[in-house]
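# An overview of the molecular structure
Chain residues, written in single-letter form:
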Amino acid sequence: MKKIILFLFFVIYVSAQVENVPLDHGVYTFLKEMEVKKIIYGINEDIPNLKYGEVKNFLKQIESRQIELSNTERKLFEKYRIEFYTDEINDDNTWNLFGSSPNIFTSPFSLFDDRQKYLYNYKDGDNNAFVEMLGTFNYGHRVKPSTNNAELYDIGFRFRGTLFSKLGYNLTVIKGGVSGNKDFSAILDPRMNYNFKFIEDIENIINYDFVEGYLQYNTKPTENIDITVQLGREKITLGYGYNSKLSFSGDHPTMDFFKFNIKYGVVNFTSIHASTVGDFSFDRSQLYTKYIAMNRLKLSFPDFMDFGVGEMIVYSDRGIDLAYINPLLFYKFAEMSLQDRDNGLFFIDAKTNFWRNLEFHGTFFLDENLLGHLQHLSRFSNKTAYQLGAMWYQPLGLCDLSLFVEYTKIRPYTYSHTNNKNTFTAFDQILGHRIGPNADEIFIKAAYNLNEWIRPSISYSYIRAGNNIVSENGTLIRNVGGDVFQPYRDDVDPMDAPFLDGNRVNTTEIIANLKIEPFRDIIFDLSYNYIFSDHVTEKFSNNLSYAQLIMKLQF
């Protein structure tokens, strides 16, 4: 009971920072470890875009229990405290290019000290603003199957803050260029696969750009109700998963959306209506807009489990449908009343909080309707997937070590649809799990916080996939449900769709990574990647191996 009261107290804590923390921020990893250790609870990793004020509240909970932290965990807490305790900003802990003293002009070496760094920050009562420079250099050296290099380099800025303690805002712009092998650069940064400027490639220099921006309003009409409304563009994910997620994985174009969220006691309800693009084509008359509507209800029980249920609809070829803006509507039944034109998806998931340092999660994903053919689970229409995973933090008393294991299985034809415009994709990328339909994966990872600045990790993935059988010129010979863009064809394809049928490909992926932040906001990410694909049916194999160095500046 004391833990529940403490949890509710921090949920209703009022903070003046209501803009969101980007999903690639390292604080999410720290908060995850603290939740599994049962120091905090309720980080909402199923829809994880936490507000800066929410992160501060979690850090305050951690601060109150510092005696339970390891030496490295205490240092990580102090590292993030400097950034998120914005009411304690001063010249001793924050470096400001314009305004603070000393700064880079009066003391060039201050760039390498331990202070939090901004181009500019401003605070006036309940209003504040932060301007950050973003820069990335991404270099890769491929060893196999052929030796070549590629470089990606970009620069941009983020302008964020909060007005009147309720309205958060964010504008992020990034512009970059590419040199070296173009195909290899898309392996180094998979975002290139859905970047229009990169794919169009009509200028002297291969280039790319990304933009995000939103307004977010947060209010607490009573002590135990928290309401947030957001309009704009931002990277989001949905559901659980240590390697990739069955619902929204985040490995796809950033979507524009309207989002409504309400928290009331143990209830957390989210409604999202998003728009994105369909398949890419150089013929612009073939381009179209795709809409995705989602409702999700989660019940959270501290020291027990979180249980969620949600549904999604994918539709296109018309404007916004008012039925799918309604947050209090069962979409699948509504879709039937609209003459069954759209793609309906349903999922349930759960995450446990039973034991200290040990977490389990599971997700069941349903594409269209299973109930009509329960007696024939291998039928093509039974497009289902599930995922089971576990995280063990500080196993056998080994401080600061995290172990992950996860299994994912996706049946044939999942994510596809009879209308190709309504597949669960955007810009030719699957919105869900990266392995796609008719495949499964075993994922294992170990990560260790050597100290607050160094984190080595190693991961292993074994993926089995059954691909459609096609001729050398690309003609489809046999459809086994292994391609999200090739739906089932009535009176052509067999009704039975056995799992892993077709051209069998077994892929082994090993990634050794070392993340180093020798100076605050200057981050180096080094990795070696080995990918071996065994085409069992066709009796040949591919071997891809490369080293990668990413340097990021974020201040």
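Note that this is a predicted model, so its numbers are computed, not measured.

Cut-offs applied
- Residues numbered from 1 in each chain as written.
- Predicted model: local features only at pLDDT ≥ 70, side-chain atom pairs only at ≥ 80, totals over all residues.
- Heavy atoms only, no water.
- Helix = DSSP H or I, 4+ residues; strand = E, 2+ residues; numbered from the N terminus.
- Rg over C-alpha atoms; globule rule 2.2 N^0.38 Å.
- Buried < 20%, exposed > 50% of the residue type's maximum accessible area, 1.4 Å probe, protein only.
- Contact = heavy atoms within 4.5 Å.
- Areas by Shrake-Rupley, 256 points an atom, 1.4 Å probe, with all protein chains shown as cover.
- Lys, Arg positive; Asp, Glu negative; His and termini not counted.
- Charge placed at Lys NZ, Arg CZ, Asp CG, Glu CD.
- Polar contact = N/O pair within 3.5 Å; in protein donor to acceptor, adjacent residues only side chain to side chain.
- Salt bridge = Lys/Arg side-chain N within 4 Å of Asp/Glu carboxyl O.
- Phe/Tyr/Trp six-rings, centres within 6.5 Å; stacked < 30°, edge-to-face > 60°.
- Lys NZ or Arg CZ within 6 Å of the ring centre and 35° of its normal.
- Pairing = 2+ DSSP bridges.
- Axes fitted to C-alpha atoms, helices over the stretch in contact; angles between N-to-C directions.
- Parallel < 35°, antiparallel > 145°, perpendicular 65-115°, else oblique.
- Left-handed = near helix turned anticlockwise from the far one by under 90°.
- Nonpolar A, V, L, I, M, F, W, Y, C, P; charged D, E, K, R; others polar.

### Quick look at the overall build of the protein
Each helix and strand in the protein was counted, giving seven helices and 25 strands. For 555 residues, the compact-globule estimate of 2.2 N^0.38 gives 24 Å, and the protein sits close to it at 24 Å. Here the C-alpha coordinates of the protein stretch approximately 75 × 55 × 55 Å along the principal axes. A burial count over the protein gives 53% of its 555 residues as buried. Within the protein, counting contacts between residues at least 6 apart in sequence, those at least 24 apart form 62% of the total. When the accessible surface of the protein is totalled, it reaches about 24,500 Å², and 62% of it is carbon and sulfur. Averaging the positions of the 56 positive and the 68 negative side-chain charges in the protein gives two centres separated by 3 Å.

### Describing the environment of Thr254
Position of Thr254 among the secondary structure elements: in the loop between strand E8 (225–233) and strand E9 (256–264). Put simply, Thr254 and Tyr194 are 60 residues apart on the chain and 9.7 Å apart in space, counted from C-alpha to C-alpha. When neighbours within four sequence positions are excluded, Thr254 is seen to be in contact with Glu212, Arg233, Glu234 and Lys235.

### Quick look at the side chain of Thr425
Along the polypeptide, Thr425 turns up in strand E17 (residues 425–426). What makes Thr425 buried here is its relative accessible area of 0%. Polar contacts involving the side chain of Thr425 include one to the side chain of Thr423, which spans 2.7 Å. With sequence-adjacent residues up to four places away left out, Thr425 is seen in contact with Val277, Asp279, Lys290, Ile430, Leu431, Val484 and Phe485.

### Some thoughts on the side chain of Lys259
Examined against the element boundaries, Lys259 turns out to sit in strand E9. The buried charged residue Lys259 lacks any salt bridge, with Glu234 as its nearest oppositely charged partner at 6.2 Å. Setting aside residues no more than four positions away along its own chain, Lys259 makes contact with Ile47, Thr228, Val229, Gln230, Thr270, Ser271 and Ile272.

### Details of the packing of aromatic side chains
Throughout the structure, instances matching the rule amount to 27 aromatic pairs. Taken together, Phe301, Phe304, Phe354, Trp355 and Phe360 form an aromatic cluster joined through their ring pairs. Above the face of the Phe210 ring, Arg191 is positioned so that its terminal group lies 4.3 Å from the ring centre. The ring of Phe499 carries Lys409 above its face, with NZ or CZ at 4.5 Å from the centroid.

### Details of helix H2 (residues 27–36)
Among the ten residues that make up H2, nine are buried, leaving the element largely enclosed by the rest of the structure. For H2, every residue scored as buried is listed here: Val27, Tyr28, Phe30, Leu31, Lys32, Glu33, Met34, Glu35 and Val36. Immediately beyond the C-terminal end of H2, within one or two residues, lies Lys38, with a positive phi of roughly 65 degrees.

### With respect to unusual backbone geometry
Most peptide bonds are trans, and most residues other than glycine sit at a negative phi. Cis geometry marks the peptide bond from Lys144 to Pro145; its omega dihedral reads 5 degrees. Topologically, Pro145 is positioned in the loop between strand E4 (127–144) and strand E5 (148–163). A positive phi angle is found at Leu396, which is not glycine, with a value near 55 degrees. Residue Leu396 is classed as exposed on the basis of its relative accessible area, which comes to 76%. In this structure, Tyr415 takes a positive phi of about 80 degrees despite not being glycine. With respect to the helices and strands, Tyr415 occurs in the loop between strand E16 (401–410) and E17.

### Quick look at the pattern of salt bridges
A complete count under the given rule lists 44 salt bridges for this structure. Close ionic contact of Lys32 with Glu45 constitutes a salt bridge, the shortest N to O distance being 2.5 Å. Residue Lys32 is found in helix H2, and its partner Glu45 is found in the loop between H2 and helix H3 (52–63); the two are separated by 13 residues along the sequence. Accessibility assignment for this pair places Lys32 and Glu45 in one class, buried. One salt bridge in this structure joins Asp113 and Lys117, with 3.8 Å as the shortest N-O distance. We classify Asp113 as partly exposed; its relative accessible area is 23%.

### Observations concerning the pairing of strand E12 (residues 305–316)
The buried count for E12 comes to ten of twelve residues, which makes it a mostly enclosed element. Inspection of the sheet shows strand E11 (residues 289–301) paired to E12 by twelve bridges, in the antiparallel sense. Looking across to E12, one finds that Lys290 is bridged to Ser316. Taken together, E11 and the strand that follows it, E12, pair antiparallel across an intervening segment of three residues, in which Asp303 is found at a positive phi of about 65 degrees. Bridge count between E12 and strand E13 (residues 343–352): ten bridges; the pairing is antiparallel. Its bridge partner lying in E13, Val309 is registered against Ile348.

### Focus: the environment of Ile463
Mapped onto the secondary structure, Ile463 falls in strand E20 (residues 454–467). Those residues in contact with Ile463 that lie beyond four places of it in its chain are Arg434, Ile435, Asp440, Glu441, Val505, Asn506, Thr507 and Glu509.

### Quick notes on the packing of H2 against H3
Direction vectors running N to C along H2 and H3 enclose 45 degrees, while the axes themselves pass 11 Å from each other. Taken together, the axis directions place H2 and H3 in an arrangement best described as oblique. Seen from above, H2 lies across H3 with left-handed handedness. Where H2 approaches H3, its residues Val27, Phe30, Leu31 and Met34 are matched on the opposing element by Val55, Phe58, Leu59 and Ile62. Per-class residue counts for the contact of H2 with H3 are eight nonpolar, no polar and no charged.

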